[in-house]
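One-letter residues, chain by chain:
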Amino acid sequence: MHPTTNQRHGLALAAAMALGILGGVGLFTLGYGNGLAYLTDDPTACTNCHIMQDHFDAWVKSSHQGVAGCNDCHLPADVIGKWLTKADNGFFHALAFTTGQFHEPIQIRARNRRVTQSACLHCHAAFVDHMRPAEPGGEMQRCVHCHHDVGHALRR
């Protein structure tokens, strides 16, 4: 049985209303959470979420404060990777913080740990190239194993 014209119009109206509600909630959340700030390289944007204040304060005291911001360490160096990671993190951070479903203290995901490790190796290549694995895909000690407080000194 094929839907009637009235049924198609009703489904279209219901779909339009659902999209409108989702879009409205999304725009409200973007405005309320100052979401456009995350499109910048300004480290203070990260403090829009109260959970990040300690991390920001620790970064201010760190050895990297004058040379690297949040995006330098927590996003890939390439443009496409940077924006894909920003979109991925933005979505999942917004979801976690909106629903309250996150670990305190906040914990870095495995994918983001790899991004951060790559950032260390990218900036410090001249010092660490000899420590890289001999074979592609080989294991390597993570930089933060020894340098755990470099980016976030004295973090609680």
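These lines cover the structure that appears in this document, whether it is placed above or below. (Residues numbered from 1 in each chain as written. Predicted model: local features only at pLDDT ≥ 70, side-chain atom pairs only at ≥ 80, totals over all residues. Heavy atoms only, no water.)

1. Re the overall build of the protein
Move 1: The secondary structure content of the protein amounts to seven helices and zero strands.
Move 2: For 156 residues, the compact-globule formula gives about 15 Å, and the C-alpha radius of gyration of the protein, at 21 Å, lies well above that figure.
Move 3: Considered along the principal axes of its C-alpha atoms, the protein spans approximately 70 × 40 × 25 Å.
Move 4: Across the 156 residues in the protein, those meeting the buried criterion constitute 20%.
Move 5: The long-range share in the protein, meaning contacts at least 24 apart out of those at least 6 apart in sequence, stands at 55%.
Move 6: Surface exposure of the protein reaches about 11,500 Å², of which carbon and sulfur atoms provide 64%. (Helix = DSSP H or I, 4+ residues; strand = E, 2+ residues; numbered from the N terminus. Rg over C-alpha atoms; globule rule 2.2 N^0.38 Å. Buried < 20%, exposed > 50% of the residue type's maximum accessible area, 1.4 Å probe, protein only. Contact = heavy atoms within 4.5 Å. Areas by Shrake-Rupley, 256 points an atom, 1.4 Å probe, with all protein chains shown as cover.)

2. Some details on helix α2 (residues 53-60)
The α-helix winds at 3.6 residues per turn, so residues separated by three or four positions along the chain end up facing the same way.
Move 1: Within α2 the residues assigned to the buried category are His55, Phe56, Ala58 and Trp59. All buried residues of α2 fall inside an arc of 165° around its axis, so they share one side. (Arc of directions from axis to C-beta.)

3. Side note on a nonpolar patch on the surface
Move 1: A cluster of nonpolar residues, Leu27, Leu30, Leu36, Leu39, Val79 and Trp83, forms a patch on the protein surface that exposes about 630 Å² of accessible area.
Move 2: Only α1 (5-32) and α4 (79-99) provide two or more residues apiece to the nonpolar patch.
Move 3: Among the secondary structure elements, Leu36 is positioned in the loop between α1 and α2. (Patch = residues over 30% accessible without salt bridge, like charges linked within 9 Å, V, L, I, M, F, W, Y side chains within 5 Å. Salt bridge = Lys/Arg side-chain N within 4 Å of Asp/Glu carboxyl O.)

4. Some remarks on the pattern of salt bridges
Move 1: Summed over the entire model, instances satisfying the criterion amount to four salt bridges.
Move 2: A salt bridge links Asp129 to Arg132; the nearest nitrogen and oxygen atoms lie 2.9 Å apart.
Move 3: Taking relative accessible area as the criterion, Arg132 reaches 36% and is therefore assigned partly exposed.
Move 4: One salt-bridge network, in which partners are shared between bridges, spans Asp88, Arg109 and Arg111.

5. Some thoughts on the environment of Asn71
Move 1: Note on placement: Asn71 falls in helix α3 (residues 70-74).
Move 2: A relative accessible area of 18% places Asn71 in the buried class.
Move 3: Taking the C-alpha atoms as reference points, Asn71 and Gln7, 64 residues apart in sequence, are found 49 Å from one another.
Move 4: Excluding anything up to four places from it in sequence, Asn71 contacts Thr40, Asp41 and Lys86.
Move 5: A polar side-chain atom of Asn71 sits 2.6 Å from a polar atom in the side chain of Asp41. (Polar contact = N/O pair within 3.5 Å; in protein donor to acceptor, adjacent residues only side chain to side chain.)

6. Things to note about the state of the cysteines
Move 1: Taken as a whole, this structure holds zero disulfides when the rule is applied.
Move 2: Cys73 takes part in no disulfide bond, and the closest cysteine sulfur to it belongs to Cys120, at a distance of 6.4 Å. (Disulfide = S-S within 2.5 Å.)

7. Some remarks on the packing of aromatic side chains
Move 1: Inspection of every chain in the model, using the stated rule, returns two aromatic pairs.
Move 2: Taken together, a centroid distance of 5.6 Å and an interplanar angle of 45° make the contact between Phe56 and Trp59 tilted. One end of the pair, Phe56, and the other, Trp59, are both in helix α2, three residues apart, so they sit about a helical turn from each other. Like Phe56, the residue Trp59 is buried in the burial classification.
Move 3: With a centroid separation of 5.0 Å and an interplanar angle of 85°, the aromatic rings of Phe91 and Phe92 are classed as edge-to-face. (Phe/Tyr/Trp six-rings, centres within 6.5 Å; stacked < 30°, edge-to-face > 60°.)

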